[in-house]
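Topology and contacts: notes
What follows is the residue order along each chain.
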Amino acid sequence: MMKAKLGTKTSLLAGTMLAVLLGAGTALSADQKPDFVSGGVLKVCTSGEFPPMEYYENPGDKDLVGFEIDVIDAIAKGWGAKAEYVVGDFKGLLPSLDSKRCDLVASGILITPARLEKYDGIPYFSSHIVMVTAASDTETKVPADVSGKVMAIEAGTSYEKMVADLNAELEAAGKAPIQAQTYPSASGVIEQILVGRATATITQDTTAAYRMLQVPGRLAIPYTYEQSENYGIYLRKSDGDRQMLKEAIEALQASGEMKTLLEKWKLPETATDVSHDVN
């Protein structure tokens, strides 16, 4: 009996020590941060031209605003650093990682296999194509409901083909086709809905969110397409740094802070419910 009790006490003691060690390990992991923020500054390259992800709210502003700006600021804060934004042409953003002009790239940039061959990237935001209507329109719920009506489309976009494909289906079903009218800008398209010249448009949910911020209560998103694209944050190849960035993003998601930011910028509440792995 004594031997059994001694064994039990020894096991309990070992278990307690293991728990302490694991707890210490967790604490140490939480305090880790990439070497590139050791000086207290996180340099981030962005084009600054993708509302509501990152943009200048007013002409002449020096500070960027946007959902992705808030996310990066929160990550930097978690690492005990301050984000410093380096604004440049979109095509030069990733090469800026090579020259160490910046440590991260965040600019509504898609995660693609070609880019991942040279850089590490963490997917964290899923963007969908949506249909936008006037908020007062309770009859238009799916794209086919625009049959025989006007749909405003930004010229030169893939949305033109989507309408053409839908029209083929409508005509095959003996229904009137959609009257597609193109305009040179996204703002021009939205204006047609606001003044009642068009029933709906097709656009990206990020674009729709920005327009809804500009005209609160006047636009609605009754339909979301299934296909999606993942935006991410890029950094130089480093398994350790990539893991720490992934953990920082997951911490924002787990704490609910990411959801708060989505609500602030009128973005879909499930937009950040994505896998942070690329394989």
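Residues numbered from 1 in each chain as written. Predicted model: local features only at pLDDT ≥ 70, side-chain atom pairs only at ≥ 80, totals over all residues. Heavy atoms only, no water.

A closer look at the overall build of the chain
Per the secondary structure count, the chain includes nine helices and eight strands. Looking at the 279 residues of the chain, the share that counts as buried comes to 43%. In the chain, 76% of the contacts between residues at least 6 apart in sequence involve partners at least 24 apart. Working note: accessible area of the chain is about 14,900 Å², and carbon and sulfur atoms make up 54% of it. (Helix = DSSP H or I, 4+ residues; strand = E, 2+ residues; numbered from the N terminus. Buried < 20%, exposed > 50% of the residue type's maximum accessible area, 1.4 Å probe, protein only. Contact = heavy atoms within 4.5 Å. Areas by Shrake-Rupley, 256 points an atom, 1.4 Å probe, with all protein chains shown as cover.)

So, the packing of helix α8 (residues 239-255) against helix α9 (residues 257-264)
The contact between α8 and α9 brings their axes to 4 Å, and the two run at 75°. Taken together, α8 and α9 sit at an angle that is classed as roughly perpendicular. Residues Ile-249, Leu-252, Gln-253 and Ser-255 of α8 pack against Glu-257, Met-258 and Lys-259 of α9. When the residues that make up the contact of α8 with α9 are grouped by side-chain class, the tally is three nonpolar, two polar and two charged. (Axes fitted to C-alpha atoms, helices over the stretch in contact; angles between N-to-C directions. Parallel < 35°, antiparallel > 145°, perpendicular 65-115°, else oblique. Nonpolar A, V, L, I, M, F, W, Y, C, P; charged D, E, K, R; others polar.)

Here's the deal with the side chain of Gln-253
In this structure, Gln-253 sits in helix α8. There is a polar contact of 2.8 Å between the side chain of Gln-253 and the side chain of Asp-273. The contact partners of Gln-253, leaving out residues within four places of it in the chain, are Met-258, Lys-259, Thr-272 and Asp-273. (Polar contact = N/O pair within 3.5 Å; in protein donor to acceptor, adjacent residues only side chain to side chain.)

Topic: the confidence of the model for the chain
Confidence in the prediction for the chain averages 89 pLDDT; 89% of positions are at 70 or higher. Mean pLDDT per element in the chain: helix α1 (residues 2-31) is the minimum at 39, and helix α2 (residues 67-78) is the maximum at 98. This model gives residues 1-30 a pLDDT under 50, and the stretch forms one contact once residues within four places in sequence are excluded. (pLDDT = per-residue confidence, 0-100.)

A few points about α8
For α8, spanning 17 residues, the distance from its first C-alpha to its last is 24 Å, which sits close to the expected 24 Å at 1.5 Å a residue. For α8, the set of buried residues is Asp-241, Arg-242, Met-244, Leu-245, Lys-246, Ala-248, Ile-249, Leu-252 and Gln-253. Taken together, the buried residues of α8 touch α2, β3 (104-110), β4 (120-134), β8 (219-235) and α9. (Expected span 1.5 Å × (residues − 1).)

A short note on the environment of Val-189
Secondary-structure assignment places Val-189 in helix α6 (residues 186-194). Taking the C-alpha atoms as reference points, Val-189 and Glu-154, separated by 35 residues in sequence, lie 6.3 Å from one another. Look past the residues within four positions of Val-189 in its chain and what remains in contact with it is Ala-152, Ile-153, Glu-154, Tyr-183 and Thr-201.

Digging into the pattern of salt bridges
One pass over the structure, following the stated rule, counts seven salt bridges. Residue Asp-120 is joined to Lys-237 by a salt bridge in which the shortest nitrogen-to-oxygen separation is 3.7 Å. Of the two residues, Asp-120 sits in strand β4 while Lys-237 sits in the loop between β8 and α8, which places them 117 residues apart along the sequence. Where Lys-161 meets Asp-165, a salt bridge forms, and the shortest distance between an N and an O atom there is 2.9 Å. Within this pair, Lys-161 and its partner Asp-165 are both found in helix α5 (residues 159-172), separated by four residues, close to a single helical turn. Lys-161 sits in the exposed class, given a relative accessible area of 56%. On the basis of relative accessible area, Asp-165 is assigned to the partly exposed category, the value being 37%. (Salt bridge = Lys/Arg side-chain N within 4 Å of Asp/Glu carboxyl O.)

Here's the deal with unusual backbone geometry
Of note, the bond from Pro-51 into Pro-52 is cis; its omega dihedral lies within 30 degrees of zero at 5°. Note on placement: Pro-52 falls in the loop between β1 (41-46) and α2. Phi at Lys-100 is positive, roughly 60°, even though this residue is not glycine. Within the secondary structure, Lys-100 sits in the loop between α3 (95-98) and β3. Even without being glycine, Lys-266 reaches a positive phi, approximately 60°.

Quick notes on the sheet that holds β1
The strand order across the open sheet built from eight strands is β2-β1-β3-β8-β4-β7-β5-β6, with neighbouring strands paired in mixed fashion. Because the sheet does not close on itself, it has two edges, and the strands there are β2 (82-87) and β6 (179-183). Going from strand to strand, the sheet's axes swing by 25° on average, the running direction of each strand aside. On the sheet, α8 packs against β3, β4 and β8 and is oriented at approximately 40° with respect to β4. (Pairing = 2+ DSSP bridges.)

Description of the side chain of Arg-211
The topology assignment puts Arg-211 in helix α7 (residues 205-214). Here Arg-211 is buried and forms no salt bridge, its nearest opposite-charge partner Glu-154 lying at an N-O distance of 7.2 Å. (Lys, Arg positive; Asp, Glu negative; His and termini not counted.)

Brief notes about the pairing of β8
Direction of pairing for β3 relative to β8: antiparallel, over a ladder of four bridges. The residue bridging Leu-104 from the neighbouring strand is Leu-235, located in β8. Across twelve bridges, the pairing between β4 and β8 is antiparallel. When the bridges of β8 are listed, His-128 appears paired with Ser-228.

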